[in-house]
Protein chains: 2
Amino acid sequence: MTDKTKKKATIYDLSVISGISPSTVSAVLNGTWRKRRIKEATAELIQKLAEEHGYSANLQARGLRSSRSGLVGLLLPVHDNRYFSSMAQYFEAQVRSTGQCPIVVSACRDPDEEHQIVESLISYSIDELLIAGATDPDGVHDICERAGLKHVNIDLPGSKAPSVVTDNYEGGRLLTQALIERMREQGPVAPDELHLFGGRDDHASRERIRAFRDVKRAMLGGDPDSCIQPTGYSPGNTAHAFEAFHARHGRLPRGFFVNSSINLEGLMRFLAQHPQEAFADIVVGCFDYDPFASFLPFPLFMIRQDAEAMITKGLSILSTTRPPIMTHLVAPTLVPPRTALIGPLDALKDPDAVHSVL
Amino acid sequence: MTDKTKKKATIYDLSVISGISPSTVSAVLNGTWRKRRIKEATAELIQKLAEEHGYSANLQARGLRSSRSGLVGLLLPVHDNRYFSSMAQYFEAQVRSTGQCPIVVSACRDPDEEHQIVESLISYSIDELLIAGATDPDGVHDICERAGLKHVNIDLPGSKAPSVVTDNYEGGRLLTQALIERMREQGPVAPDELHLFGGRDDHASRERIRAFRDVKRAMLGGDPDSCIQPTGYSPGNTAHAFEAFHARHGRLPRGFFVNSSINLEGLMRFLAQHPQEAFADIVVGCFDYDPFASFLPFPLFMIRQDAEAMITKGLSILSTTRPPIMTHLVAPTLVPPRTALIGPLDALKDPDAVHSVL
DNA sequence: TTGAAAGCGCTAACAA
DNA sequence: TTGTTAGCGCTTTCAA
């Protein structure tokens, strides 16, 4: 807590105490001094002074003047999810390495929130925006467009800006196929023994469901509509769907495809209410990877979306001059049960891990 | 992608087209017009105009002039972790509900990064800062102090600013006790059958380890130093510790306390390398809660830290005038195995979950 | 009830 | 090689 502080030094302060004009000081301190042909000695003097006085630029002033802020935004649906939080992790590292300032926000999959938040980011004059998993990418696009804000869609594509998304059809295909093959190890599989839960009417869910149907039809024959329940992205609703199924059939489906790790949390809620026996023989697929889920006490195939590649690609598009409006697909990976993958935290150094006893 | 756009409207534009002075327009548009006794009619006129022209304030300009930005920061160690990402989730919601703009950043538990990032936030004139899990809270404090930035420590306490932290001793006590009781269900427990992995030389780890020792001594007698291995906060290092133990003893400890979910990920890496039999009879405690981990195929007791309460308390301290420099403890909860708790995502509406088939 | 004017800290012509 | 100056868009006295 604080208050007592003397105000921060400005270029004028440094100008006065050095007897050098503000514009020269400015040039030195913002790095443009070489091309302004300022004497090395002058520069050094000013830098020394700045150092001594703990000078740091007022970025609001700089931003106001130059109408750019150095801020790069990432708009997420939610933080509290390994897929999106790993995106945030990669995003931060990559943006910071370019000397810009990353700012991560979440809009809770609410189109109004999305719009408002983007408006507010624009009010702060952010320079670029990565829009991840937006419910209304094209609406957000219009807002960005109007403000002249460069933006790219990630995870969920829009039709009006470049997009980088997981190849959801391919992922859905891999997952469904792995599920069926695994189920067959325990005997023949009837079409109504394989279900799908979770997701809603967005591009990703549609593609995954399309793949699910195609593979299922090819491998098992028909696919009753009752086998597909997009319960939205909420653990609670998904849990209800499992409960309802269980109430009706006295058991869970032998095999099922869960649309995301958020929906998979719904399965955990179901499990908490039932003894182990209730799911002794199930085979599950989840379109998302989570390191703990992978070791759950039933075969769980997961799809790992390549968050790092998506962020990298998204940022590279942002730095392109006139990127074509197209959708880039990023290949996902099928992760077999009991697999512990490396994540963004592994890139971190952990210098002073204590090996002695405390 | 965009470029073509006409510039955003300013109060001057509105002033010109309305024939009303900029200062009046300003007052109307920033909400101070009632106390400036501006006529209702004037206000309405300007608001209508602003609406029509899609006016929104330039927050950099406002911030520059008023030397506050409306930005509130949350500094995290990492994003990619359920404990911290749920903090971020609660933080966003609460800050936004006050009309301010939340900005979440991570510093990777690197003191230099922490300092730099805070400096850069200060350059953007953020108004308040919540410092979560900082490696060097007091160093960060000094920087904030110098800039007159209000700040509070969360999760890891500092000695120079108010702090809100989990009652780590109590959590450690609950967890160790639950572990021992559960182990005893399978027969008598010797002191060297209960171990601790993970954490490093920070306040949280020290408290947890202290509790571990106290409870262990009280319930089991001695506690050989070799039973405690603070491996830092890295999945990789922790996995190595498990491997080393396994190599030496031909098995994992019968029971062990894992210092955080990040360390627990190290256990997953170990598990991936070994058959189920290698851990058929283990009992584990983890000082963090994760909904998937709770259902792993061995008894796993977890400690849930109350991220929501900590954020709430932290923000309330920030809005206090001269908060005393003290540490507030937040009670954690022991979560028995196979428990699916509600999280921040449950507060979200999921309006258009699709119940029909696509 | 409203307007004029100064200035927040910085950048970028243009002059010197 | 450096200095002068005019703003960026907004808030805020002070005066009318």
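Every value quoted in this text rests on a predicted model; they were computed, and no experiment measured them.

Participant: Would you explain the interface of chain A and chain B in this entry?
Facilitator: A common way to report how large an interface is uses the accessible area buried once the components associate. Between chain A and chain B, the contact holds 110 residues from the first and 109 residues from the second. Across the chain A to chain B interface the summed buried area is about 8900 Å²; carbon plus sulfur atoms make up 57%. Run the count over chain A and chain B and you get six salt bridges. Here Asp80(B) and Arg82(A) are joined by a salt bridge, their closest N and O atoms 3.3 Å apart. Where chain A meets chain B, there are 26 residue pairs in polar contact (both at pLDDT 80 or more). A total of eight residues in the side of chain A that touches chain B trace back to one element, the largest contributor, which is helix α11 (residues 261–272) of chain A. Broken down by class, the residue content of the side of chain A that touches chain B amounts to 53 nonpolar, 31 polar and 26 charged.

Participant: Would you explain the domain arrangement of chain A in this entry?
Facilitator: What the domain assignment lists for chain A is domain 1 (11–57), domain 2 (67–161) and domain 3 (168–304). Computed over C-alpha atoms only, the centres of domain 1 of chain A and domain 2 of chain A are separated by 35 Å.

Participant: Help me understand the side chain of Ser123(B), please; the structure alone is not making it clear to me.
Facilitator: Tracing the sequence through the fold places Ser123(B) in helix α6 (residues 111–123). Look at Ser123(B) and you get buried, because its relative accessible area is 9%. When residues no more than four places from it in sequence are discounted, the contact partners of Ser123(B) are Ser56(A), Ala57(A), Asn58(A), Leu59(A) and Gln60(A).

Participant: Explain helix α10 (residues 235–249) of chain B to me, please; I cannot follow it from the model alone.
Facilitator: Residue pairs three or four apart in sequence face the same way in an α-helix, which turns once every 3.6 residues. All names here are of chain B. Taking 1.5 Å of rise per residue, 15 residues should cover 21 Å, and α10 covers 21 Å from first to last C-alpha, within 8% of that figure. Taken residue by residue, α10 has Pro235, Gly236, Thr238, Ala239, Ala241, Phe242, Phe245 and His246 as its buried positions. In this structure, the buried residues of α10 make contact with β6 (194–197), β7 (228–229), β8 (255–258) and α11 (261–272). Where α10 terminates, the next one or two residues include glycine 250, which has phi positive at roughly 75°.

Participant: Mind showing me how you'd approach the nonpolar core here?
Facilitator: One broad rule of soluble globular proteins: the nonpolar side chains tend to lie buried together. If you look at the biggest cluster of nonpolar residues, it comprises 68 residues, and the most contacted ones within it are Leu75(A), Val118(A), Leu129(A), Leu75(B), Val118(B) and Leu129(B). With near-sequence residues (within four places) excluded, Leu75(A) lies in contact with Val105(A), Ala107(A), Glu114(A), Ile117(A), Val118(A), Leu129(A), Leu130(A), Ile131(A) and Ala132(A). Counting residues in hydrophobic clusters, the runner-up holds 52 residues, among them Met268(A), Phe292(A), Leu300(A) and Leu300(B).

Participant: What exactly am I supposed to notice about helix α8 (residues 168–184) of chain A here?
Facilitator: Look at α8(A): 24 Å from first C-alpha to last across 17 residues, which is about the 24 Å you get at 1.5 Å a residue. Every buried residue belonging to α8(A) is among Asn168(A), Gly171(A), Gly172(A), Leu175(A), Thr176(A), Ala178(A), Leu179(A), Ile180(A) and Met183(A), and all of these are buried.

Participant: Explanation requested: the sheet that holds strand β10 (residues 300–304) of chain A in the structure shown.
Facilitator: Strand pairing within a sheet occurs via backbone hydrogen bonds; the two strands may be parallel or antiparallel. All names here are of chain A. One open sheet accounts for six strands, arranged β7-β6-β8-β9-β10-β12; its pairing is mixed. Two strands close off the open sheet at either side, each with one partner strand: β7 (228–229) and β12 (333–335). Across three bridges, the pairing between strand β9 (residues 283–286) and β10 is parallel. Paired with cysteine 286 across the strands is methionine 302, a residue of β10. Sitting on the sheet, helix α10 (residues 235–249) touches β6 (194–197), β7 and β8 (255–258), and the angle it makes with β6 is about 150°.

Participant: Help me understand the protein's contact with DNA strand C in this model?
Facilitator: The full set close to DNA strand C counts 25 residues, and Ser26(A), Tyr55(A), Arg65(A), Arg36(B) and Arg65(B) are the nearest of them. Taking all atoms of DNA strand C within 4 Å of the protein, the share assigned to sugar and phosphate is 54%. Measuring from a phosphate oxygen of DNA strand C, one finds a side-chain N or O atom of Tyr55(A) at 2.5 Å. In this structure, Arg65(A) approaches DNA strand C through a side-chain N or O atom, which is 2.5 Å from a base oxygen. For the surface near DNA strand C, the secondary-structure elements that each account for two or more residues are α1 (11–18), α2 (22–30) and α4 (59–66) of chain A together with α2 (22–29) and α4 (59–66) of chain B. Tallied by class, residues from the surface near DNA strand C come to eight nonpolar, 10 polar and seven charged.

Participant: When you look at the protein's contact with DNA strand D in this model, what are you seeing that I'm missing?
Facilitator: Every one of the 26 residues lining DNA strand D counts as a neighbour, but Arg65(A), Ser26(B), Tyr55(B), Arg62(B) and Arg65(B) are closest to it. Protein-proximal atoms of DNA strand D, defined as those within 4 Å of the protein, fall in sugar or phosphate at a share of 52%. With respect to DNA strand D, the side chain of Thr42(A) contributes an N or O atom lying 2.8 Å from a phosphate oxygen. Here the surface near DNA strand D takes three residues from α4(B), the largest share from any one element. The class makeup of the residues in the surface near DNA strand D is eight nonpolar, 10 polar and eight charged.

Participant: Is there a simple way to think about the relation of the copies chain A and chain B in this case?
Facilitator: Two copies of the chain are present, and they differ by a rotation about an axis and a shift along that axis. After a rotation of 180° and a shift along the axis of 0.0 Å, chain A superposes on chain B with an RMSD of 0.1 Å. Overall, the copies show the geometry of a two-fold rotation axis. The share of interface residues of chain A whose copies in chain B are also at the interface is 99%, consistent with both copies meeting through the same surface.

Participant: Help me understand the packing of α2(A) against helix α3 (residues 40–52) of chain A in this model?
Facilitator: Two quantities define a packed helix pair, namely the angle between the axes and the distance from one axis to the other. Residues and elements named next belong to chain A. At a closest axis distance of 9 Å, the pairing of α2 and α3 adopts a crossing angle of 80°. Regarding the angle of α2 to α3, the classification is roughly perpendicular. Contacts from Thr24, Val25, Val28 and Leu29 in α2 reach Thr42, Ala43, Ile46, Gln47 and Ala50 in α3. Looking at the contact of α2 with α3 residue by residue, the classes come out as six nonpolar, three polar and no charged.

Criteria and thresholds
Residues numbered from 1 in each chain as written. Chains lettered and ligands numbered in written order. Predicted model: local features only at pLDDT ≥ 70, side-chain atom pairs only at ≥ 80, totals over all residues. Heavy atoms only, no water. Contact = heavy atoms within 4.5 Å. Buried area = accessible area lost by both parts, 1.4 Å probe. Salt bridge = Lys/Arg side-chain N within 4 Å of Asp/Glu carboxyl O. Polar contact = N/O pair within 3.5 Å; in protein donor to acceptor, adjacent residues only side chain to side chain. Helix = DSSP H or I, 4+ residues; strand = E, 2+ residues; numbered from the N terminus. Nonpolar A, V, L, I, M, F, W, Y, C, P; charged D, E, K, R; others polar. Domains from an automatic or database assignment. Buried < 20%, exposed > 50% of the residue type's maximum accessible area, 1.4 Å probe, protein only. Expected span 1.5 Å × (residues − 1). Core = buried A, V, L, I, M, F, W, Y, C linked by side-chain atoms within 4.5 Å. Pairing = 2+ DSSP bridges. Axes fitted to C-alpha atoms, helices over the stretch in contact; angles between N-to-C directions. Near = heavy atom within 4 Å. Least-squares fit on C-alpha atoms with pLDDT ≥ 70 in both. Parallel < 35°, antiparallel > 145°, perpendicular 65-115°, else oblique.

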